[in-house]
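This is what each chain is made of:
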Amino acid sequence: MASEQKAHDRLTRSWQNAYRFWQPRNDLYGRLLAFCLDLEHYRTSEGFTKDKRRIQPTTQRQLNLIRHKASLMLRQLPEFDTHPVQPTADMNAAEISGRVLRNIFHDPLKCYHDVRSRMVWSALAGGRGTIAIDWDAKYGVVFRFVDPRYLHIAPGSTFMHSPLNPYVIEQVPMRMSALERMRKRGWNVPKGIKPDNWKPDHGDGSQKDTSRIDTYGADTNREGFDAMDPDDGIVTVLKCYYRDDPFDRSTKRVTEDDLPEEAWYWIDDDTQQRQPFDPTNPIPPASEQTGRPLRLITSKSLEINHYEYPDGYFAVIAPFDGTKTVLFEGGWTEGALFPDAHLSAFPYMELGCYKHPLRRDGISDTEATKTLTIVDNSTFRSTWEQMSLAGGILMSKAGALKDSEGNQFKFTGAPLDLAWVDDPMSAEMTKFFQAPGMNPQMPGMRNMIEQQWQHIGTGDIALGPDRSKDIAVGTVNALQQQGDLPVQLHMQDLSLQESIGARVALDLCRAYMGDQVVSWITDSGDAAYATVRGSDLTPMNVVVSANRDWRQQDVDRAQAIAQFIGQSQGMAPRDRKSTRLNSSHVSESRMPSSA
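What counts and how
- Residues numbered from 1 in each chain as written.
- Predicted model: local features only at pLDDT ≥ 70, side-chain atom pairs only at ≥ 80, totals over all residues.
- Heavy atoms only, no water.
- Helix = DSSP H or I, 4+ residues; strand = E, 2+ residues; numbered from the N terminus.
- Expected span 1.5 Å × (residues − 1).
- Buried < 20%, exposed > 50% of the residue type's maximum accessible area, 1.4 Å probe, protein only.
- Axes fitted to C-alpha atoms, helices over the stretch in contact; angles between N-to-C directions.
- Parallel < 35°, antiparallel > 145°, perpendicular 65-115°, else oblique.
- Contact = heavy atoms within 4.5 Å.
- Nonpolar A, V, L, I, M, F, W, Y, C, P; charged D, E, K, R; others polar.
- Pairing = 2+ DSSP bridges.
- Phe/Tyr/Trp six-rings, centres within 6.5 Å; stacked < 30°, edge-to-face > 60°.
- Lys NZ or Arg CZ within 6 Å of the ring centre and 35° of its normal.
- Core = buried A, V, L, I, M, F, W, Y, C linked by side-chain atoms within 4.5 Å.

## Section: helix α3 (residues 91-106)
Count 3.6 residues to each turn of an α-helix, and residues three or four apart come out pointing the same way.
Next up, step 1: A rise of 1.5 Å per residue sets the reference length of α3, with its 16 residues, at 22 Å; its end C-alpha atoms lie 23 Å apart and thus fit the reference within 8%.
Next up, step 2: Among the 16 residues that make up α3, 12 are buried, leaving the element largely enclosed by the rest of the structure.
Next up, step 3: Within α3, the full set of buried residues consists of Ala93, Ala94, Ile96, Ser97, Gly98, Arg99, Val100, Leu101, Arg102, Asn103, Ile104 and Phe105.

## Looking at the packing of helix α1 (residues 4-37) against helix α4 (residues 112-126)
Next up, step 1: Two numbers describe how α1 lies on α4: the axes approach to 8 Å, and their chain directions differ by 100°. Between α1 and α4, the crossing angle belongs to the class labelled roughly perpendicular. Two secondary-structure elements touch here, α1 through Arg25, Tyr29, Leu32, Leu33, Cys36 and Leu37 and α4 through Trp121, Ser122, Ala125 and Gly126.
Next up, step 2: Partitioned by chemical class, the residues of the contact of α1 with α4 number seven nonpolar, two polar and one charged.

## Digging into the sheet that holds strand β3 (residues 140-146)
Next up, step 1: A sheet is described by the order of its strands in space; here three strands give the open sequence β3-β2-β12, paired in antiparallel fashion. The sheet terminates laterally at β3 and β12 (348-352), the two strands that pair on one side only. On average, adjacent strands in this sheet sit at an angle of 20° to one another, irrespective of strand direction.
Next up, step 2: With five bridges connecting them, strand β2 (residues 128-136) and β12 associate as antiparallel partners. Bridged to Ile131 within β12 is Met349.

## A few points about the packing of aromatic side chains
Next up, step 1: On inspection of all chains with the given rule, the structure shows 22 aromatic pairs.
Next up, step 2: A connected cluster of aromatic rings, assembled from ring pairs, spans Trp187, Tyr241, Phe314, Phe328, Trp332, Phe346 and Tyr348.
Next up, step 3: Positioned over the ring face of Trp22 is Arg360, at 4.8 Å from the centre of the ring.

## Describing the nonpolar core
Next up, step 1: Ranked by size, the top nonpolar core spans 98 residues in total, and within it Phe105, Val141, Phe143, Leu179 and Trp187 carry the most contacts.
Next up, step 2: Among the elements that take part in this core, helix α11 (residues 488-512) stands out by supplying 11 residues, more than any other.

## Section: the pairing of strand β10 (residues 313-317)
Next up, step 1: When you tally the buried positions in β10, you get five out of five residues, the bulk of the element.
Next up, step 2: Side chains of β10 alternate between two faces, with Tyr313, Ala315 and Ile317 and Phe314 and Val316 buried alike.
Next up, step 3: Sheet topology note: the strand β6 (residues 234-242)/β10 ladder contains five bridges and is antiparallel. Residue pairing in the sheet places Lys239 in a bridge with Val316 of β10.
Next up, step 4: As judged from the four bridges shared by β10 and strand β11 (residues 326-330), these two strands associate in the antiparallel manner.

## Re unusual backbone geometry
Next up, step 1: Of note, Leu39 is a non-glycine position whose phi angle comes to about 55°, a positive value.
Next up, step 2: Locating Leu39 in the fold gives a position in the loop between α1 and α2 (61-73).
Next up, step 3: On the basis of relative accessible area, Leu39 is assigned to the partly exposed category, the value being 23%.
Next up, step 4: In this structure, Cys111 is a non-glycine residue whose phi angle is positive, near 60°.
Next up, step 5: With respect to the element layout, Cys111 can be found in the loop between α3 and α4.

All we've got here are geometric facts, nothing functional implied.
What follows is the structure, given as structure tokens:
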């Protein structure tokens, strides 16, 4: 193992390289949020002005597009289809594991619905949204929205959970008081550590959204809390997750060489017990625990248990700390009550808006519609100015028109101006010719912009149940291709991330969960209870299934539009049942949490 100072330097360099690599895209994130969600469409805001001719129109069509997508994606919490990772796993343990998992995501006190919504809005408006999955000693699994600019993967990687991505580093602003609490939980916090109060200089809108983000571990509810309290400053902390120990120089090589026959053996994948192979009796013996046949090991490659995940390497450092102390070091599940449990993926979810084959994420909806938004604003403003500042020609004898004080008459811009004449003949000679109030091409331009917005599916159409009719599948496909149902790809990515997050959440429960009572409602409507702990759970493969409300939303949307195009045939969604669970967590951990 490398020395502590070398480890600190190595991890700091990895963070600095990743920070610089992703900085151009991260600098764009804040400006995209300000443009879309705060409607900051102008470099300088004139605000309210007495001059009614000076306006800054800010169309809400771009925001409506994202709101429409988010309403479809967030209509219902995910439903999970689960099955054990190991084929020999106990089915009762698998059933309980699935119920514990559903409870985590459906429990309103864990606030997954809130951080999920923030991740979706962040992805659609800014291009990327992220969630951290932590274990809290008091609350169990908790979800935390992470500013995407603070979460870095290896430079050049395009997918966080790809096996080719070696690490994930999260930069976390922590209060000194939070570090003191972590010292009591096992962190090696040096006595001389001082706040650095460092803040990345990312591009933001005029609202400076980052100043309103809660710092990690800050107790904002304590009496007399001050965000600028010099006695409780901010220390920048890096949470570094590596798939493999970066300081372990012993390369693990697996050869495909066959073992000699005398070295063959049978193994029970559940208990890891071995039995020597008898060439005279090639029939596999049965497991004493499950009764299933044992597995024959004839080569080194078969010795690996492909159902187990590596422990990984986890370290916490303060990059600006002069002592170069590693605050915490261990495995991903260090300090677990049940050390045999390991995380199957990085404890984060990362949702993008669109994909790009060569980049971590593609453009966002804000970028895709920014030009259209600017043109919409400019044409709206031009139309207003042409109507309000329409010119004209006033023909009169010189000096014939005067104001009430006898001075030369001038238009004041008021709705009604009075002019005085001394000679009736001069009044008869006065003529006024009104110039056209608006460019005759402007209505056509506005209609073209309207069609562009409608083409990308911003129209919200709602019909009551008495007016809904089913339509053919081909019509639904046509509507999807035209973009009027624009969220299918987003839903696929969201389901993938939630499947990964669900596996990580269950892995954390297997590692840290003490005794807890799990309750649910059976199919017959009765309440059922079970007392379980982490060691009773089994690793699960998780797939997010399309729930009934999501399918119904697709159909309702298609039905509504179909009424305008006069098509109706049968296509009905099938129903799905849901499960309700409640639980409490009682275990302790030295892992970083929402301290």
